[in-house]
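Per-entry structural report
Letter by letter, the chains look like this.
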Amino acid sequence: MSGAWQPPLRLCLDGGALADNWRWLAQRCGPAACGAAIKANGYGLGARGVMDRLYAAGCRDFYVATWGEAGALGPLPVGVSLSVLHGVRVEDMALASASAARPTLNSAAQVQRWRDTGRPCDVMVDTGMNRLGVSVDEVRAGLLDGLVIDTLMSHLASADEDVPQNAAQRTAFAAIAGQVHARRRSLANSAGVCLGADYAFDLCRPGLALYGGVPRAEALGAIRQVVTPQAQIVQRRRLRAGDTIGYNATFRAVADTEVAILNLGYADGYLRGFSGPDGHRGGGAARGRAHVLGRVSMDLIALDVSGVPDVTEGDWVALDYDLPMAAAQSGLSQYELLTGLGQRFARHWM
Ligand SMILES: *Cc1c(COP(=O)(O)O)cnc(C)c1O
């Protein structure tokens, strides 16, 4: 196969929008630094490509979930701080001890494992999410004594909603941070950045909003779309009135209908939530006018292109992928819409 072979589906990634989104978030952080969560391969975009572009914009603090993700980034640019959010297992110790990245320690066992290395770490303290982190009581009892802590952090559970839990977590975090010796304190994810300067502390850790997700109304109109899936037309065909299309024949044409079959399906993360409800056009759409007909297949979708006479076999079609809108259409979260985008796409930075 020639090296010039290109797959029939691609993600167009807008590097200018990515950098603009980071700058908007950084500005909302005020004097606090603004980092970037690039776990799950940069939310599906490609972690190294994201890191390089945000580094050029001025970002220096990055977060991944596992040591595998840290290693996959390759050599880090000068001055980059990389933290591994899931901490360090026994199986990670050899890799972690030789890595430029540091673990975010989450449990007493992780703290004990790391303390003897004398190397810096971050620490997650649980302030009510009950997912990862050491407890406030453990910290008060001296669990963190002897650690070299770069960043003490906690994580907001419901920052995308206006609920008392946000202020409660913020207050709990401020109180425990006052009793721990750490270079920096960090609480806010994307939604937390939107909550305001009270939540910024020394360093913020947005992910979703960098990639075009809108976590709260404050970000509407400010956050730009970064990811646009595009796929080539495999075949164009005509449905006659009364014809059905796709698995289980869920869509029946009431009039003659022009159809484009696209090289994209649920195996690429374009999930069946974009299918048309039985008998109707679906939520997914291309260029705002060509709706999905029938069920999304594993590798294919059908679009109604009756209003688009000029597209033909081999043409590229851009799918609507404004994340808040696509989430409403598909019933998926904005996070799932990004991280599910599969490996068959070529990723093209613009
Ligand atoms: C994923 C993650 C983030 C980023 O969250 P978003 O909601 O995507 O902004 C920040 N901090 C931690 C600990 C995370 O796991």
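Attention here is on the structure that accompanies the text. (Residues numbered from 1 in each chain as written. Predicted model: local features only at pLDDT ≥ 70, side-chain atom pairs only at ≥ 80, totals over all residues. Heavy atoms only, no water.)

Soluble globular proteins tend to pack their nonpolar side chains together in the buried interior. Ranked by internal contacts, the top residues of the largest apolar core, which has 98 residues, are Ile38 and Leu144. When residues of this core are assigned to their parent elements, the largest contribution, six residues, is made by helix H1 (residues 15-28). In this structure Ile38 touches Ala47, Val50, Met51, Phe62, Tyr63, Val64, Leu73 and Tyr211, once residues within four positions along its chain are discounted. Ranked by size, the runner-up nonpolar core spans eight residues in total, among them Leu239, Ile245, Phe251 and Leu293. (Core = buried A, V, L, I, M, F, W, Y, C linked by side-chain atoms within 4.5 Å. Buried < 20%, exposed > 50% of the residue type's maximum accessible area, 1.4 Å probe, protein only. Helix = DSSP H or I, 4+ residues; strand = E, 2+ residues; numbered from the N terminus. Contact = heavy atoms within 4.5 Å.)

With that settled, consider the side chain of Thr151. By the element assignment, Thr151 lies in strand S8 (residues 148-153). A distance of 3.5 Å separates a polar atom in the side chain of Thr151 from a polar atom in the side chain of Arg184. With near-sequence residues (within four places) excluded, Thr151 lies in contact with Arg102, Cys121, Asp122, Val123, Arg184, Arg185, Ser186 and Leu203. (Polar contact = N/O pair within 3.5 Å; in protein donor to acceptor, adjacent residues only side chain to side chain.)

Let us look at the packing of H1 against helix H3 (residues 47-57). The contact between H1 and H3 brings their axes to 9 Å, and the two run at 55°. With respect to H3, the element H1 is oriented oblique. Once H1 is placed against H3, the crossing between them reads as right-handed. Between H1 and H3, the residues in contact are Gly15, Leu18, Ala19, Trp22 and Arg23 and Val50, Arg53, Leu54 and Ala57, respectively. Along the lines of polarity and charge, the residues of the contact of H1 with H3 split into six nonpolar, one polar and two charged. (Axes fitted to C-alpha atoms, helices over the stretch in contact; angles between N-to-C directions. Parallel < 35°, antiparallel > 145°, perpendicular 65-115°, else oblique. Left-handed = near helix turned anticlockwise from the far one by under 90°. Nonpolar A, V, L, I, M, F, W, Y, C, P; charged D, E, K, R; others polar.)

Turning to the state of the cysteines, a few remarks are in order. Applying the stated criterion across every chain yields a total of zero disulfides. Lacking any disulfide linkage, Cys29 is separated from the closest cysteine sulfur, that of Cys204, by 3.1 Å. For Cys29, a relative accessible area of 2% translates into the label buried. (Disulfide = S-S within 2.5 Å.)

Attention now goes to the pattern of salt bridges. Tallied over the entire structure, the rule returns 19 salt bridges. With its nearest N and O atoms 2.9 Å apart, the salt bridge here joins Arg23 to Asp20. Residue Arg23 and its partner Asp20 are both found in helix H1; the two are separated by three residues, about one turn of the helix. The salt bridge involving Arg216 is made with Asp162; its shortest N-O contact spans 2.7 Å. Taken as a pair, Arg216 in the loop between strand S10 (203-204) and strand S11 (227-239) and Asp162 in the loop between S8 and helix H8 (164-177) lie far apart in primary sequence, 54 residues in all. Owing to a relative accessible area of 9%, Arg216 belongs among the buried residues under this scheme. The exposure class of Asp162 is exposed, given its relative accessible area of 68%. Through salt bridges that share partners, Asp61, Arg102, Asp122, Asp150, Arg183 and Arg184 make up one connected network. (Salt bridge = Lys/Arg side-chain N within 4 Å of Asp/Glu carboxyl O.)

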